[in-house]
Amino acid sequence: MAKYVALLRGVNVSGHKRIPMAELRELLVKSDLKDVQTYIQSGNVIFESSIADKEKLVSIIHNAIKSHFGFEVPILVLRPKELQQIFDDCPFEQEKKENSYFMMLYSNADNDLVETISQLSYPNEAFKITDNAIYFYCSVGYGKAKLGNNFFERKLKVIATARNFKTMLKLLSLSS
């Protein structure tokens, strides 16, 4: 059995794609995932499985949610060491890192698009794009930022899901 972290994009945001976490845990246990835990309402799932193929795990979770809740949700499955690497690769010094958002990419962005976006600069905002994540810091708070998850998805033509520093720490702790 190996541990995994599943990140669901866009659930329980402003009343859209509502998924009660207790119901999700029960649903995933019925889908043969083991030791299923969730963290907060934003779609963070830690589980164990004997299945080594992450795409197969994405498919199992996706199909269970679609058949039970009636809608589709983008899902990213990572091994704890992959999540740890994303966390460790944050380019910001500690103070900024603690107030950063980690946007995990579901696929690699086109290099030309990354290069174009990387030229942008906004006051009070900093970001770095890698193959599997965007590290984003805004000194005035995420809610007031010009950039954000939706902006990067649109401009890079990829799906991404954002987690803050504290959530990343908790997911790493729960999955270790």
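These numbers come from a predicted model, not from an experiment.

**Focus on the environment of aspartate 131**
Part 1: Here aspartate 131 lies in the loop between β6 (125-129) and β7 (133-138).
Part 2: Judged by relative accessible area, which is 55%, aspartate 131 ranks as exposed.
Part 3: Residues aspartate 131 and asparagine 111, spaced 20 residues apart in sequence, show a C-alpha to C-alpha distance of 9.2 Å.
Part 4: Dropping the residues within four chain positions of it, aspartate 131 is found in contact with Leu105, Ser107 and Asn108.

**Here we look at the sheet that holds strand β4 (residues 75-78)**
Part 1: Spatially, the four strands line up as an open sheet ordered β2-β3-β1-β4, and their pairing is antiparallel. One side of each edge strand has no neighbouring strand; the edge strands of this open sheet are β2 (34-39) and β4. Strand-to-strand twist in this sheet, taken as the mean axis angle between neighbours without regard to direction, amounts to 20 degrees.
Part 2: Bridge count for strand β1 (residues 2-8) against β4 is four bridges, and the pairing is antiparallel. Residue alanine 6 lies in a different strand from β4, and its bridge partner there is valine 77.
Part 3: Strands β1, β3 (44-49) and β4 of the sheet are contacted by helix α2 (residues 54-69), whose axis makes an angle of about 140 degrees with β4.

**Regarding the sheet that holds strand β8 (residues 160-164)**
Part 1: If you trace the four strands from one edge of the open sheet to the other, you get β6-β7-β5-β8, paired in antiparallel fashion. Each edge of the sheet is formed by a strand with only one pairing partner; in this case those strands are β6 and β8. Taken pair by pair, the neighbouring strands of this sheet meet at an average axis angle of 20 degrees, ignoring direction.
Part 2: Relative to β8, strand β5 (residues 100-105) runs antiparallel, the two being bridged by five bridges.

**Brief notes about the nonpolar core**
Part 1: Counting 23 residues, the largest nonpolar core has Leu8, Ile19, Phe47, Ile61, Ile65, Ile75 and Val77 as its most contacted members.
Part 2: Looking at this core, the elements with two or more residues in it are β1, α1 (21-30), β3, α2 and β4.
Part 3: The contact partners of isoleucine 61, leaving out residues within four places of it in the chain, are Ala6, Leu28, Leu33, Phe47, Ile75 and Val77.
Part 4: Listed in part, the 19 residues of the second largest apolar core include Val5, Phe92, Tyr135 and Leu172.

**Focus on the environment of leucine 7**
Part 1: Looking at where leucine 7 falls in the secondary structure, it is placed in strand β1.
Part 2: A relative accessible area of 0% means that leucine 7 is categorised as buried.
Part 3: Along the sequence, leucine 7 and isoleucine 75 sit 68 residues apart, while their C-alpha atoms lie 5.6 Å from each other.
Part 4: Beyond its immediate sequence surroundings of up to four residues, leucine 7 is in contact with Gly43, Asn44, Pro74, Ile75, Leu76, Leu78, Met104, Tyr106, Thr161, Arg163 and Leu171.

**Regarding the pairing of β1**
Part 1: Burial runs high along β1: five of the seven residues are buried.
Part 2: Taken together, the six bridges between β1 and β3 define a ladder with antiparallel strand orientation. Each bridged residue has a counterpart across the sheet, and for alanine 6 the counterpart in β3 is valine 45.

**Topic: the pattern of salt bridges**
Part 1: Summed over the entire model, instances satisfying the criterion amount to four salt bridges.
Part 2: Glutamate 153 is paired through a salt bridge with arginine 9; the nearest N and O atoms lie 2.7 Å apart. Placement of the pair is glutamate 153 in helix α6 (residues 149-156) and arginine 9 in the loop between β1 and α1, with a sequence separation of 144 residues. The same class applies to glutamate 153 as to arginine 9, namely buried.

Calculation rules
- Residues numbered from 1 in each chain as written.
- Predicted model: local features only at pLDDT ≥ 70, side-chain atom pairs only at ≥ 80, totals over all residues.
- Heavy atoms only, no water.
- Helix = DSSP H or I, 4+ residues; strand = E, 2+ residues; numbered from the N terminus.
- Buried < 20%, exposed > 50% of the residue type's maximum accessible area, 1.4 Å probe, protein only.
- Contact = heavy atoms within 4.5 Å.
- Pairing = 2+ DSSP bridges.
- Axes fitted to C-alpha atoms, helices over the stretch in contact; angles between N-to-C directions.
- Core = buried A, V, L, I, M, F, W, Y, C linked by side-chain atoms within 4.5 Å.
- Salt bridge = Lys/Arg side-chain N within 4 Å of Asp/Glu carboxyl O.

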